[in-house]
Structures are given as C-alpha cells and as structure tokens.
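So you can see what is in the structure, the chains are spelled out below.
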Amino acid sequence: MLTLLAGCSSIDFGYGVRRADSETFIDECRFSKVDSEHFVYKNTRPSIVFIYSDAVEHCRRQAQVFSGVAATYSDGIFFWAIEYDEAQSLLTYFPTTARLPIYLYINQNCAQMFAPESTSISDMKKHIG
C-alpha cells in the first residue's frame, strides 16, 4: 500500500479531468465484469483512467501529460483521475503488479491497461486515435 508523504500537495489536473474513486467511476459508467474476459461499460463515451499517487514524483510528472491530453480531447472522452488507495475496487477488474501510474483505456468494446515508464502527449494521442 502506498502512503502519502507529509507535505505533498495534491496534484492539480486542471480542465477536463474528473477526480473520483473506484465506486464513483463504476457507478457512473455502469461498469461491471461479466466473466474473466467480458465486461459491461454503458457510458456514452470512452474513458481514460489515470491511477496515481500524490507521493510518487513520476505520477506527478505524468499527470501533466494526462492533463494536457484531457484539455484537448475532453469533448469526446471522459478523463478520470483516481488516487491509488481509492482505486482498489476498480483494480480488481484489472489485476496488476504494475508500477504507478497506471492508465486504463475503456470503451464499450475493450479495456486495456498500460503502465508505461513514461508517456508523452503524442504517445497518448496514438492510443486515442
């Protein structure tokens, strides 16, 4: 389990990113697992979920990339930021031992999880299409 370091300020995601916890994301997207290979996602737009920790410097740097993409694409994609400790319910759908941050790309047809060492705005745009 990750813990916050004293004195760390919360990441500012800016425009287009909604902070939430797993339960809020699951409820609002009407997301549920059918079996080990299938799920239901009833949101009208795809979602990109950024799972992070305020205490991890790498997450803080990648949050800037995530925010930059959200500012450009938030009209067609929902962008969510979920702090790692609040993401556990969602992560049960995507078992991982990956390092933070974790990116989840979810739409009505598929879900993918990425935990890159680093990503750029151009890298994220490739995944968005």
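Residues numbered from 1 in each chain as written. Predicted model: local features only at pLDDT ≥ 70, side-chain atom pairs only at ≥ 80, totals over all residues. Heavy atoms only, no water.

Asks: Can you walk me through the nonpolar core in this structure?
Replies: A general feature of soluble globular proteins is that nonpolar side chains tend to end up buried together. In terms of nonpolar packing, the biggest core is built from 37 residues, with F13, F25, F31, F66 and L90 touching the most fellow members. Broken down by secondary-structure element, the contributors of at least two residues to this core are β1 (17-20), α1 (22-29), β4 (47-52), α2 (57-73), β5 (78-83), α3 (88-91) and β6 (102-106). If near-sequence neighbours (up to four positions away) are discounted, F31 is found in contact with F25, I26, F39, V40, Y41, L90, Y93, F94 and I106. (Core = buried A, V, L, I, M, F, W, Y, C linked by side-chain atoms within 4.5 Å. Buried < 20%, exposed > 50% of the residue type's maximum accessible area, 1.4 Å probe, protein only. Helix = DSSP H or I, 4+ residues; strand = E, 2+ residues; numbered from the N terminus. Contact = heavy atoms within 4.5 Å.)

Asks: Hey, could you run me through the pattern of salt bridges in this one?
Replies: When their charged atoms lie close together, side chains carrying opposite charge are able to pair. All told, the structure shown has two salt bridges when counted by the stated rule. With a closest N to O distance of 2.2 Å, E28 and R18 form a salt bridge. Of this pair, E28 sits in helix α1 while R18 sits in strand β1, and the two are 10 residues apart along the sequence. Among the residues examined, E28 registers a relative accessible area of 40% and is labelled partly exposed. (Salt bridge = Lys/Arg side-chain N within 4 Å of Asp/Glu carboxyl O.)

Asks: What is the right way to look at the confidence of the model for the protein in this model?
Replies: It should be kept in mind that the predicted coordinates are not to be read in detail where pLDDT is low. Per-residue pLDDT for the protein has a mean of 84; in total, 89% of the residues score no lower than 70. Mean pLDDT per element in the protein: helix α4 (residues 121-128) is the minimum at 72, and β5 is the maximum at 96. Low confidence marks residues 1-8, where pLDDT is under 50. Its contacts with residues over four positions away, or in another chain, come to 14 contacts. (pLDDT = per-residue confidence, 0-100.)

Asks: Teacher, can you tell me more about the sheet that holds strand β7 (residues 111-114) here?
Replies: Backbone hydrogen bonds hold the strands of a sheet together, and the pairing may be parallel or antiparallel. One open sheet accounts for five strands, arranged β1-β5-β4-β6-β7; its pairing is mixed. The sheet is open, and its two edges are formed by β1 and β7, each paired on a single side. Taken over all neighbouring pairs, the strand axes of this sheet differ in orientation by 20 degrees on average, direction set aside. Examined bridge by bridge, β1 and β5 share four bridges and lie parallel to one another. When the sheet's bridge partners are listed, R19 is paired in β5 with A81. (Pairing = 2+ DSSP bridges. Axes fitted to C-alpha atoms, helices over the stretch in contact; angles between N-to-C directions.)

Asks: Can you help me understand α1 in this one?
Replies: Each turn of an α-helix holds 3.6 residues, which means side chains three or four residues apart point in the same direction. Inspection of α1 places S22, F25, I26 and C29 among the buried residues, and these make up the whole buried set. Seen end-on, α1 carries its buried residues on one side only, within an arc spanning 95 degrees. On its buried side, α1 packs onto β4, β5, α3 and β6. (Arc of directions from axis to C-beta.)

Asks: Whenever I open this one, unusual backbone geometry confuses me. Can you help?
Replies: Glycine aside, residues mostly have negative phi angles, and peptide bonds mostly take the trans form. With an omega of 0 degrees, the peptide bond between L100 and P101 qualifies as cis. Looking at the secondary structure, you find P101 in the loop between α3 and β6.

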